[in-house]
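Fold and geometry: a report
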Amino acid sequence: WDLGLELAQAVRTLPGVIEFAAQDLSGFTALLDARRLCGSRLLHQQMTVQLRAATLWPPAEFLRAKVDERDERHGRHADTAHNLEPNLKNGRGALRDLQTARWIAKRCFGVERWLDMYERGLLEKDEARRLVRAEAWLSDLRFALHVVSGRREERVLFDHQPALAQ
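Let us look at the structure shown here. Each chain has its residues counted from 1, following the order in which its sequence is written. In keeping with the predicted nature of the model, local features appear solely for residues at pLDDT of at least 70, side-chain atom pairs appear and are counted solely at 80 or more, and the whole-chain, interface and lining totals rest on all residues. As a rule here, side-chain values come from all non-hydrogen atoms in the structure, and water together with hydrogens is ignored.

Section: the packing of aromatic side chains
Aromatic rings in a pair are described by how distant their centres are and how their planes are angled relative to each other. Only the six-membered ring of Trp is used, alongside the rings of Phe and Tyr, when aromatic pairs are assigned; centres must lie within 6.5 Å, and planes under 30 degrees apart are stacked while those over 60 apart are edge-to-face, with the rest tilted. One pass over the full model with this rule turns up two aromatic pairs. Consider the rings of F28 and F62, whose centres lie 5.6 Å apart with planes at 75°: the pair is edge-to-face. With a gap of 34 residues between them, F28 in helix α2 (residues 25-32) and F62 in helix α4 (residues 59-76) connect regions that are remote in the sequence. Throughout, exposure labels follow a simple rule: accessible area from a 1.4 Å probe, protein chains only, divided by the maximum for the residue type, with under 20% read as buried, over 50% as exposed, and the rest as partly exposed. We classify F28 as buried; its relative accessible area is 0%. Over a ring means this: the NZ of a Lys or the CZ of an Arg is within 6 Å of the ring centre and within 35 degrees of the ring normal. Looking at R12, its charged tip hangs above the ring of F20, at a distance of 3.9 Å from the centre. Numbering of helices and strands runs from the N terminus; a helix is a DSSP stretch of H or I covering at least four residues, while a strand is a stretch of E covering at least two.

What to know about the packing of helix α1 (residues 14-23) against α2
Only the stretch in contact is used when fitting a helix axis, every axis being a line fitted to C-alpha atoms; angles between N-to-C directions are given from 0 to 180 degrees. α2 packs onto α1 with a crossing angle of 125° between their chain directions and a minimal axis gap of 5 Å. Considered as vectors, α1 and α2 are oriented oblique to each other. Contacts between α1 and α2 pair V17, F20, A21 and Q23 from the former with L25, G27, F28 and L31 from the latter. When residues are grouped by polarity, Ala, Val, Leu, Ile, Met, Phe, Trp, Tyr, Cys and Pro land in nonpolar, Asp, Glu, Lys and Arg in charged, and all others, Gly among them, in polar. Taken together, the residues of the contact of α1 with α2 break down into six nonpolar, two polar and no charged. For classification purposes, angles smaller than 35 degrees are called roughly parallel, those larger than 145 roughly antiparallel, those between 65 and 115 roughly perpendicular, and all remaining angles oblique. Note on contacts: a residue pair qualifies if any of its non-hydrogen atoms lie within 4.5 Å across the two residues.

Examining the pattern of salt bridges
Where charged atoms from two side chains of opposite charge come close, those side chains can pair. Any Lys or Arg side-chain nitrogen located within 4 Å of an Asp or Glu carboxyl oxygen qualifies as a salt bridge. Under the counting rule described, the total for this entry stands at 13 salt bridges. Members of the salt-bridge network, linked through shared partners, are R102, K106, E112 and E135.

Observations regarding helix α7 (residues 125-149)
Relative to the 36 Å expected for 25 residues at 1.5 Å per residue, α7 spans 36 Å between its end C-alpha atoms, a close match to the ideal helical length. All of the buried residues in α7 are A128, E135, L138, L141, L145 and S149. Here the buried face of α7 lies against α5 (95-109), α6 (114-119) and α8 (161-165). After α7 finishes, the residue G150 shows a positive phi value of roughly 75°. To estimate the expected span of a helix, count its residues, drop one, and scale the result by 1.5 Å.

Overview of unusual backbone geometry
Of note in the backbone geometry, W57 takes a positive phi value of approximately 50° without being a glycine. Mapping W57 onto the fold places it in the loop between α3 (41-51) and α4. Looking at W57, the relative accessible area reads 13%, which means it is buried.

Remarks on a nonpolar patch on the surface
Only residues above 30% relative accessible area that lack a salt bridge enter a patch, with like-charged residues linked at up to 9 Å and the nonpolar side chains Val, Leu, Ile, Met, Phe, Trp and Tyr linked at up to 5 Å. Calculation of accessible area relied on Shrake-Rupley with a 1.4 Å probe; when residues are assessed, cover is drawn exclusively from the protein chains displayed. Nonpolar side chains collect at one region of the surface, where L3, L5 and L7 lie side by side and expose about 350 Å² of accessible area between them. Relative to the helices and strands, L5 is located in the segment before α1.

Topic: the nonpolar core
Buried Ala, Val, Leu, Ile, Met, Phe, Trp, Tyr and Cys residues that are joined via side-chain atoms within 4.5 Å together make up what is termed a nonpolar core. In terms of nonpolar packing, the biggest core is built from 16 residues, with F28, L51, L56, W57 and F62 touching the most fellow members. Elements represented by at least two residues in this core include exactly α1, α2, α3, α4 and α5. For F62, the contacting residues outside a window of four places in its chain are L25, F28, T29, L32, W57, W103, I104 and R107. Counting 14 residues, the second-largest nonpolar core is a separate cluster that includes L98, V111, L123 and A128.

The structure is reproduced here in structure tokens:
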């Protein structure tokens, strides 16, 4: 908080976490990336196992929901790949699309890294490498945009483009 980061936090019992995840797609998706920082390793492992249950957002249902969510997000953020002031986080082909692909792979196939997807036969090796580079480039550009704008900004506005190009 002191650094100005926006953090999400909640205190729930394990059954409460699972109930929340079952009712909220975004919450379930966030929990897919949950990491234990401190506290009970066993409790974290139990949560992770329960989140993997086939009945909790079954893979086909999760895939459909994430695709619908993506389509709705693209509609809100100028649904075009040729936007002159693109949104680096939520626009078409932006970071959230890459994250969505990884979340789907994690839920449906148990893998989330691009190279793991290659090893499972889900991607060609060159595709996996290009995705690694694209994600790193978009992340770096987004960070630079935040520095140039002096705040959290997701759109590459015309005013910021010369400084970003430098």
